[in-house]
Every structure is written in structure tokens, then in C-alpha cells.
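Examining the three-dimensional arrangement
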Amino acid sequence: MDESGLTQQPKKQKLNEERDVVDRNIKCLRNLPEEILRYILSLLPTKDAIRTSVLCKRWEYLWTSIPNLNFSGLKPDKRKQFMNFVERVLLLRDSSDIKTFTLSCDVLRDASHVKLELAMPCILKLPPTICFTNLKTLNFSYVTFTKEHSTEKLFSGLPVLEKLELENCKWVNLKVVNISAPKLLSIRIVEDWENQNDENGCQVMISGVSLNYFRYCGEFYNEYHVHNSPSLVEASVLASWYNERKRQIAHRMYMLLTGFSGVKELTLVFCAVEGISLSSDYERNDRILDPVPPCFLSQLNCIKVYDYEGDEEELSAVKILLKNAVVLEELVISCSHHFAKDLEKQKKVHEQLLKLPRGSKHCELVFY
């Protein structure tokens with residue numbers, strides 16, 4: 001046996017021993033509980049964690065539930081691949097909690113891709129300094145805000161925000177919240193009775209010189225004010241109604257309407273219209289809009305009423321709307337499903353509506 005053969009034998013033996021060690025380690029790693037495996041993956045850069053999916057069948061989808069996501073931007077010539085990678089990871093990820101999320105890259109012309117959605121039924125703890133300089137879309141669902149100072153910082157640190165959604169959020173121990181975003185175009189607010197605050201609620205002040213769409217759906221557990229929004233074009237108030245809070249709801253709805261100074265199209269559901277009639281004396285109800293909301297005098301040209309039942313209280317409310325909206329061009333009334341079946345009552349109510357006095361000579365009544 002020559003000398004080279006003797007040299008190769010120990011090397012081959014050593015290589016086999018190292019391979020056996022690796023195999024044993026891999027086998028031990030595979031047998032670990034998934035929670036530990038996910039924790040190990042969370043310590044890796046996100047890209048490396050995803051690469052482990054090729055190791056074996058069990059590892060194929062482990063990365064989709066890792067709690068930490070870290071994306072760091074690449075060179076300009078790799079920018080498109082980086083964007084696709086981030087979006088694909090977020091789409092394929094499951095619904096498990098994210099503990100930390102880091103996105104570090106130059107936004108450049110891709111600001112429209114920067115969006116933040118938080119859906120978590122818990123208290124949101126915010127850092128003392130907050131400024132999302134490139135954030136254009138912000139959605140909060142089931143989030144509880146408790147600190148007035150940090151919440152104020154959050155909603156004042158959104159210089160390019162265009163779309164804001166607040167769904168079933170709670171303002172706990174907060175008296176006033178100011179939402180001010182100079183480029184805000186659209187805001188949607190949904191309130192659920194299960195997420196009500198204390199009896200007095202919170203005053204949410206909304207200011208956006210570029211705001212053109214506003215939508216509210218809920219029971220007015222908080223008081224909302226829109227001001228400094230001359231560009232507002234379309235607004236919807238879908239108010240739920242309960243007798244024990246009738247006056248509070250009506251007052252808060254009225255305070256909201258007073259801020260729609262430039263709105264051109266206003267949509268109200270049956271419950272919102274019913275709120276205009278608070279008195280049992282229908283002949284005196286027209287004083288409920290005193291002072292009249294500014295939009296009724298200058299801009300409002302379309303009102304839509306849904307789920308109309310045709311009773312006397314609703315008729316009185318419509319009378320108030322027709323009388324006070326002096327530039328109104330169209331009042332659209334959609335019958336409720338139950339009312340739509342009663343053709344005789346529909347005919348009678350339609351005749352009553354046509355006889356109502358109108359503040360605008362050019363107003364057309366659409367009833368269906």
C-alpha cells in the first residue's frame with residue numbers, strides 16, 4: 001500500500017465521522033417541538049429562515065408562523081425582487097401573532113406599497129416618539145388606546161397618510177384625541193357595542209384639509225367632530241339606535257353633521273334620520289336643526305335615506321331635511337324590505353312626501 005492510500009484513509013474516516021455527527025444533530029433538531037423550532041427560526045434573518053423550508057417536509061411551512069420578521073433592503077438593481085419577496089412573505093404567512101416587524105429600505109417611488117394594519121384585541125403600547133414619514137394607509141382593528149400623549153403623537157406623526165380605518169377601537173381614559181393628517185383623503189370608523197367606553201366616551205377631533213370621504217357606522221359611544229375639511233365630498237352616517245340612549249346618539253350625530261360644511265353627497269340610514277325627531281310634537285321638530293349645519297346651506301346637493309319605514313316620525317325627519325337643505329338637488333329614499341311589500345302604504349306615503357315644502361326649488365324626490 002502506497003503512502004497516498006494511507007493518507008486518504010484517515011481523511012475519509014474523519015469525513016464520515018463528521019457526517020455522522022451532522023446527521024445525528026439534524027435528527028435531534030428534527031425531533032424538537034415545533035415551538036422550539038419556530039423560536040430557533042425567529043433568531044435567523046427572515047430570508048434564511050425561509051430557506052430552511054427545503055430541509056425536510058416538516059420544515060416546509062414552519063417559517064410561516066415565526067414571530068419575528070426582519071426585511072432589509074437590497075441594492076437598487078435588486079429592488080423589484082426585494083419588493084416581491086416582502087409581499088410574498090406577508091401573503092403566505094399564517095394568522096399567528098407577530099412580535100416584531102422591521103422593514104428597512106429606501107421607499108423612493110414605492111410609497112404606495114407601505115401599509116400598516118394592526119388587528120389585535122389588546123392594549124397598544126406606543127413608543128414616546130412616533131413618526132411614519134412614508135405611511136399612506138393605516139388600519140386599526142380592535143385596538144385599545146390608553147395613553148393620551150402617545151396616542152396624540154401617533155395621530156400627529158402621519159404627514160403623508162391618505163387612508164385611515166378605525167374598526168371597533170376603544171379610547172380608554174382618554175378625553176380628547178386629535179387626528180390631524182394634511183394629506184388624509186379617506187377615513188372610515190366602525191364602532192361596536194361590545195367595545196363601548198365609559199358613559200361620556202371620548203371626543204375624537206378629525207382635521208384634514210384634503211379629506212374627501214368620511215364614513216361612520218356605529219352607536220356613537222364616542223363623539224366625533226370633523227373640522228377644517230373644505231374638500232369633503234361624500235359622507236355616510238350609518239347610526240344604530242337604542243331608546244335608552246336616543247338623545248345622546250342624536251346629539252352626537254348632530255355634532256358630527258355640523259362639521260360637514262362642504263359635503264356634496266350625504267348618506268343617512270333610517271336610524272340616523274330618526275335621530276332628527278326628538279320631540280313628540282311633530283310640528284315643533286323643525287327647530288332641532290337650529291342652527292342648521294353649514295353644509296345644508298351651501299354645498300349639500302344629495303341626501304340618501306335607506307330602510308325607510310314610512311311612519312310619522314320618519315316623515316317628520318324627512319320634512320326637516322327637505323326644508324333646511326336649500327341647495328339640495330336630489331333626495332333618495334329607499335324603502336325597507338318590509339315596507340316595499342305594502343304597495344298601498346307606499347302610494348300614500350309617496351303622496352305625503354311630494355306635498356312636503358322644500359327649501360330648494362330644484363330638489364327632485366326619488367322614492368323606491
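Note that the structure is a prediction, hence the values are computed from the model and not measured. (Residues numbered from 1 in each chain as written. Predicted model: local features only at pLDDT ≥ 70, side-chain atom pairs only at ≥ 80, totals over all residues. Heavy atoms only, no water.)

**Section: the nonpolar core**
Grouped together as the largest cluster of nonpolar side chains are 65 residues, with contacts concentrated most on Phe155, Phe214 and Phe260. Discounting chain neighbours no more than four positions away, the residues touching Phe214 are Ile187, Ile189, Ile206, Val226, Leu232, Glu234, Ala235, Ser236, Leu256 and Phe260. Of all hydrophobic cores here, the second largest spans 13 residues; its members include Ala49, Leu62, Trp63 and Val89. (Core = buried A, V, L, I, M, F, W, Y, C linked by side-chain atoms within 4.5 Å. Buried < 20%, exposed > 50% of the residue type's maximum accessible area, 1.4 Å probe, protein only. Contact = heavy atoms within 4.5 Å.)

**Regarding the environment of Lys361**
Within the secondary structure, Lys361 sits in the loop between helix H11 (343-354) and strand E16 (364-367). Accessibility expressed as a relative area gives 82% for Lys361, which makes it exposed. Sequence separation of Lys361 and Leu328 is 33 residues, and the distance between their C-alpha atoms is 8.5 Å. (Helix = DSSP H or I, 4+ residues; strand = E, 2+ residues; numbered from the N terminus.)

**A few points about unusual backbone geometry**
In terms of backbone geometry, most residues other than glycine have negative phi values and most peptide bonds are trans. For Asn173, which is not a glycine, the phi torsion comes out positive at approximately 65 degrees. Look at Asn228: it is not a glycine, yet its phi comes out positive at around 55 degrees. Note on placement: Asn228 falls in the loop between strand E11 (223-227) and strand E12 (234-239).

**Notes on the sheet that holds E11**
In space, the three strands of this open sheet follow the order E7-E9-E11, with parallel pairing throughout. Strands with a single pairing partner mark the edges of an open sheet, and in this sheet they are strand E7 (176-180) and E11. Across this sheet, the average inter-strand angle for adjacent strands is 15 degrees, counted without regard to direction. Bridging between strand E9 (residues 203-207) and E11 involves five bridges; their strand directions are parallel. (Pairing = 2+ DSSP bridges. Axes fitted to C-alpha atoms, helices over the stretch in contact; angles between N-to-C directions.)

**Thoughts on the packing of aromatic side chains**
Inspection of every chain in the model, using the stated rule, returns eleven aromatic pairs. Judged by centre distance (4.3 Å) and plane angle (25 degrees), the ring pair of Tyr216 and Phe220 falls under stacked. In terms of burial, Tyr216 and Phe220 fall into one category: buried. Considering the side-chain rings of Phe339 and Phe367, the 6.3 Å spacing of their centres and the 70 degrees angle between planes classify their relative orientation as edge-to-face. A residue pair is termed long-range when its members are at least 10 positions apart, and Phe339 in helix H10 (residues 337-340) and Phe367 in strand E16 qualify at 28 residues. For the pair Phe339 and Phe367, a shared accessibility class is recorded, and that class is buried. Members of the aromatic cluster, joined through ring pairs, are Phe140, Phe145, Phe155 and Trp171. (Phe/Tyr/Trp six-rings, centres within 6.5 Å; stacked < 30°, edge-to-face > 60°.)

**Details of a nonpolar patch on the surface**
Together, Ile36, Tyr39, Ile40 and Leu43 give the surface a local cluster of nonpolar side chains, amounting to about 390 Å² of exposed area. Note on placement: Ile40 falls in helix H2 (residues 34-42). By relative accessible area, which is 31% here, Ile40 ends up partly exposed. (Patch = residues over 30% accessible without salt bridge, like charges linked within 9 Å, V, L, I, M, F, W, Y side chains within 5 Å. Areas by Shrake-Rupley, 256 points an atom, 1.4 Å probe, with all protein chains shown as cover. Salt bridge = Lys/Arg side-chain N within 4 Å of Asp/Glu carboxyl O.)

**Describing empty space enclosed by the protein**
Taken as a whole and assessed by the stated rule, the structure comprises two cavities of 30 Å³ or more. Space inside the second largest cavity adds up to approximately 30 Å³. Along its surface, the second largest cavity is lined by Leu166, Asn168, Cys169, Trp171, Ile189, Val190, Glu191 and Tyr224. Within the lining of the second largest cavity, the residues separate by chemical class into six nonpolar, one polar and one charged. (1 Å grid on protein atoms, 1.4 Å probe; cavity = no way out; pocket = protein on both sides within 12 Å on 5 of 7 lines; lining within 4 Å. Points joined across faces, edges and corners; volume = space filled by probe spheres on them. Nonpolar A, V, L, I, M, F, W, Y, C, P; charged D, E, K, R; others polar.)

**Regarding the pairing of E9**
As defined by bridge partners, E7 adjoins E9 across five bridges and the pair is classed as parallel. Residue pairing in the sheet places Ile179 in a bridge with Ile206 of E9.

**Focus on the side chain of Arg252**
Residue position: Arg252 is located in helix H6 (residues 246-257). Arg252 sits in the buried class, given a relative accessible area of 5%.

**A short note on the pattern of salt bridges**
Per the counting criterion, the structure on display carries seven salt bridges. With a closest N to O distance of 3.9 Å, Glu223 and Arg252 form a salt bridge. Taken together, the residues span a long stretch of sequence, with Glu223 in strand E11 and Arg252 in helix H6 at a distance of 29 residues. Note on accessibility: Glu223 and Arg252 belong to one class, buried. The residue Glu265 makes a salt bridge to Lys304 at a minimum N-O spacing of 3.1 Å.

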